[in-house]
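Examination of the molecular architecture
Spelled out, the chains give:
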Amino acid sequence: MLECGADDRIPGIEDYAIIGDCRAAALVSRCGQIDWLCWPRFDSPSIFAALLDQERGGHWRIAPLGPYSAERAYVSESNVLETRFRTASGTLLLTDLMPVTESRASLVPDHEIVRRLSCTAGDAEVEVELVPRARYGGVVPALRQAGRLGIRIECGRGVYWLRSSIPLRLGEGVASAPTRLKAGQSLLFSFSYAEEAPAVLPPLEEIPQRIDECVCWWRRWAAQAQYDGEAREEVIRSALALKLLIFTPSGAIVAAPTTSLPERIGGGLNWDYRYCWLRDASLTIRALLELGYWEEAAHFLDWLLHATRLTQPELNIAYTVFGNPMPEEWESQTLAGYRGSRPVRIGNAARDQLQLDVYGEVIDAAAQYAFHGGTLDREMQKVMIGFGRYVIKHWELPDEGIWEPRSGRRHHTHSRLLSWTALDRLITLCHQGKLEHAPVDEYRKQADQIHRQIEAAGWNQRLGSYVSVLDGDQLDASLLLLSWYGFEKADSPRMRSTYRRLRERLGTPDGLLYRSEPPAREGTFAICSFWAAEYLALGGGTVSEARDLLNTLLKYRNDIGLYGEEIEAGSGRFLGNFPQAFTHVGLIGAALSLNQRQKGEQPLAHRRESASRAEPHQKQPA
Amino acid sequence: MNWPSWLLSGFVANLALTTLLATSQGLGFTRMNIPFMLGTVITGEREKARLYGFIAHLVNGWAFSLVYVLIFEARHTVNWWFGLLLGLAHALFVLTAGMSLLPYVHPRMASERHGPQAIRQLEPPGFMALNYGYPTPVSVFLSHAAFGAILGSLYHLR
């Protein structure tokens, strides 16, 4: 529960919740304020961006006037958010959602946020304030009263409509109304956006029924999850968060719905994450497949192999939801940044980077799909063989690597690992008859060469650890994935020794893990911490060690089960874009591996099948 | 009347009108989607409405071209600029009388006076369809002018 007042401070990143409709998402603060919304899709310009500038960004607040406390929760196993406000005189319940429905029989707005404020006890003064600011706070749109249709906000190529069950007063770029609610009374709101006319304006009296329908839709979706192991509630919440970041029209999954939430407060580590990174493919597909979300996994794989067609066989590191290159990066001159953390970046300059690991990620994703029983059609096979050819030609090149530093290219061990993974999976697919007309002997020759190079130059005898860069002496958390991808068993002496060094150099006393050295530039990296838990579950530690670490990490989720990109050591506060798909994929992965270990089940399909080469290295570390 | 010539010129003019309106919408000059607007007269299902509306728009355009052709025949005059003038007059009628009457004849269109109801949920076009984007009248005038000009230049009098 949080004490709030009329002069609310800037919320922490962990004070936000997400609502969405699998095409766009909004962030709602604990104080009833929508501070982030981009329509019609994740990477569109914002209409509310108070997240990045409380003054100029734009917001939509529905909250009690005066001091109150707030607590919130999602309606069980749904993405419908409820915030309960308690004031000195009464209790209010705010319900927030972006409606989703399977019904095609009725007209519904293209994009809509529905809000309902109900007084459940006593009475309370309430403030409603809509402050739209288009194009990342750069445009103050005109608000026009359109009779009983509502308030119309014409902006660019689209139109926003606000429908309200109470009359709102129009000011300069503001619609507001103070009012008083008594027990049993409710306020209803619909805020919608359309780029096609005539727009659909739903009657407000249908809102209660539509909320119920939306809750049912999410519950039905959540009920498909085939998981009954440790931390089920957290795993389902992670799956629900992941689903919100899937752009359903194409099947793409965005890394996060926000831009420029800082990895260091006041620092310049602010990036736009509203795009789809291929490096997330393999772990994401595995999470979806193992939870039983076949439709989402197949759709995502289709996107991976077809939306990237314009650049194939070369792959960019990330794409927009429709498979276009990420836009060029520019800095907003309007928005001051979260807690003054400039710059606010739109677009992402990492688009020009070379990351050789993405080929392994994509091929492994397709291989997992095939190992789980999916079929790779002839076109997909051709694409995979094209990727394999590219890997054979380019694996020896230096690249920027998984963490995308803007400091030049190096020979990253992780990139070599994924080059090996790419060829290893292609060999296995060929052996199983799922990939035809592929040069298996060449794959094997090159895979062995990469394997030998990682064993020799990726291992630092003095440190007794694998290292980030070939022949280097620094560590990064992606080395934990050597076991995940089946390169080396988790319980091998080398991996155990590497894990110990990682803990020494990148670990915190709280069980968290920084992603790379030097460790103090930013927060601890949430997915890396989950990788550590999964590494233990895979055999790097005992079941109880894995469970203990997982339980420790679960304590860092916010009150509604969400994670950002990073966690500040000590305070536990979130840093970086929020919520982060990759972190939730990490949580699901760790829980899945722990569950399989506890049940004594076979390892995950992609590792079980990756037996196309010699036994992993068994030498003793130094 | 020259029936084969009407069928051909009406088809080509209609194709141009539809393409120009769709292009205007795609480029963001207007939000107006005529097939969707017409289709929702028949059905409340969005995807079906687009399809039905597209067919209705084609039939509609052909029917209107018949009126143009009858005027050409009555005046014994046919050329591109006369067609263009008829197109502009047609657009003016659509934007003023047509659009203002729409909320009363369209079964799913709301009005500012009554607000949205269970069935009537569609945003009304307003004067000159300005609710669908300020450049909408320009796009309607241009597309109808092209419709008339093509009809006028392709149709041959009997």
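None of the values given here were measured: they were computed from a predicted structure.

Moving on, we come to the overall build of chain B. On a plain count of helices and strands, chain B comes out with five helices and zero strands. Going residue by residue from the N terminus, the α and β elements of chain B occur as α-α-α-α-α. In terms of overall dimensions, chain B is globule-like: its C-alpha atoms have a radius of gyration of 16 Å, near the 15 Å expected for 158 residues. Sorting the 158 residues of chain B into buried and exposed places 47% on the buried side. Taken together, the 9 basic and 5 acidic charged side chains of chain B have centroids lying 4 Å from each other.

The next point concerns the packing of aromatic side chains. A full pass over the atoms with the stated rule returns 38 aromatic pairs over all chains. When the ring of A:Y160 is compared with that of A:F191, the centres are 5.6 Å apart and the planes differ by 10 degrees; the resulting orientation is stacked. With A:Y160 in strand β13 (residues 158-164) and A:F191 in strand β16 (residues 186-194), this pair connects stretches of sequence that are 31 residues apart. As far as the burial class goes, A:Y160 and A:F191 line up, both buried. Over the ring of A:W60 we find A:R115; its NZ or CZ atom is 4.9 Å from the centre of that ring. Just above the ring of B:F36 sits the side chain of B:R50; from NZ or CZ to the centre is 5.7 Å.

This part covers the layout of surface pockets. Residues and elements named next belong to chain A. Roughly 820 Å³ of internal volume is contained in the second largest pocket. In terms of lining, the second largest pocket is formed by 36 residues, of which the most central are W403, E404, P405, S516 and R521. Here the residues of the lining of the second largest pocket are counted per class, giving 14 nonpolar, nine polar and 13 charged.

Moving on, we get to the pattern of salt bridges. Residues and elements named next belong to chain A. Scanning the model with the defined rule gives 43 salt bridges over all chains in all. One salt bridge in this structure joins R30 and D15, with 3.0 Å as the shortest N-O distance. With R30 in the loop between β3 (25-29) and β4 (33-38) and D15 in the loop between β1 (2-4) and β2 (16-20), the pair connects residues that are 15 residues apart, well separated along the chain. The pair R30 / D15 is uniform in exposure class, with both members buried. Between R56 and D53 there is a salt bridge, with its nearest N and O atoms 3.3 Å apart. For R56, a relative accessible area of 40% gives the class partly exposed.

Further remarks concern the packing of helix α8 (residues 413-431) of chain A against helix α9 (residues 440-457) of chain A. All names here are of chain A. Viewed as axis vectors pointing N to C, α8 and α9 meet at an angle of 150 degrees, and their least axial separation amounts to 9 Å. Taken together, the axis directions place α8 and α9 in an arrangement best described as roughly antiparallel. Pair α8 / α9 crosses with left-handed handedness. Residue-level inspection shows T413, R416, L417, S419, W420, L423, L426, I427, C430 and H431 of α8 in contact with α9, the latter providing V440, Y443, R444, Q446, A447, I450, H451, Q453 and I454. Residues belonging to the contact of α8 with α9 are distributed by class as follows: eleven nonpolar, six polar and two charged.

Core analysis: the largest hydrophobic core is formed by 207 residues, its most contacted members being A:W60, A:F191 and A:W531. If you count residues domain by domain, this core takes at least three from each of domain 1 (2-197) and domain 2 (253-608) of chain A. In this structure A:W531 touches A:L283, A:I402, A:W403, A:A477, A:S478, A:L480, A:L481 and A:F582, once residues within four positions along its chain are discounted. One finds B:A13, B:M32, B:L86 and B:M128 within the second-largest nonpolar core, a separate group that totals 31 residues.

Residues and elements named next belong to chain A. Domain annotation of chain A identifies domain 1 (2-197) and domain 2 (253-608). Centre-to-centre separation of domain 1 and domain 2, based on C-alpha positions: 35 Å. The partner domain 2 presents 31 residues to the 30 residues of domain 1 that form the contact. On the domain 1 side of the interface with domain 2, the three residues burying the most area are I13, L52 and Y136, jointly 30% of the side's total.

Residue and element names in this part refer to chain A. Between helix α4 (residues 281-291) and helix α6 (residues 357-371), the shortest axis-to-axis distance is 7 Å and the interhelical angle comes to 20 degrees. By the angle between their directions, the pair α4 and α6 is classed as roughly parallel. In the packing of α4 onto α6, the handedness of the crossing is right-handed. When α4 is examined against α6, the residues A281, S282, I285, R286 and L289 are found in contact with a partner set consisting of E361, D364, A365, Q368 and Y369. Tallied by class, the residues present in the contact of α4 with α6 amount to five nonpolar, two polar and three charged.

What counts as what
Residues numbered from 1 in each chain as written. Chains lettered and ligands numbered in written order. Predicted model: local features only at pLDDT ≥ 70, side-chain atom pairs only at ≥ 80, totals over all residues. Heavy atoms only, no water. Helix = DSSP H or I, 4+ residues; strand = E, 2+ residues; numbered from the N terminus. Rg over C-alpha atoms; globule rule 2.2 N^0.38 Å. Buried < 20%, exposed > 50% of the residue type's maximum accessible area, 1.4 Å probe, protein only. Lys, Arg positive; Asp, Glu negative; His and termini not counted. Charge placed at Lys NZ, Arg CZ, Asp CG, Glu CD. Phe/Tyr/Trp six-rings, centres within 6.5 Å; stacked < 30°, edge-to-face > 60°. Lys NZ or Arg CZ within 6 Å of the ring centre and 35° of its normal. 1 Å grid on protein atoms, 1.4 Å probe; cavity = no way out; pocket = protein on both sides within 12 Å on 5 of 7 lines; lining within 4 Å. Points joined across faces, edges and corners; volume = space filled by probe spheres on them. Nonpolar A, V, L, I, M, F, W, Y, C, P; charged D, E, K, R; others polar. Salt bridge = Lys/Arg side-chain N within 4 Å of Asp/Glu carboxyl O. Axes fitted to C-alpha atoms, helices over the stretch in contact; angles between N-to-C directions. Parallel < 35°, antiparallel > 145°, perpendicular 65-115°, else oblique. Left-handed = near helix turned anticlockwise from the far one by under 90°. Contact = heavy atoms within 4.5 Å. Core = buried A, V, L, I, M, F, W, Y, C linked by side-chain atoms within 4.5 Å. Domains from an automatic or database assignment. Buried area = accessible area lost by both parts, 1.4 Å probe.

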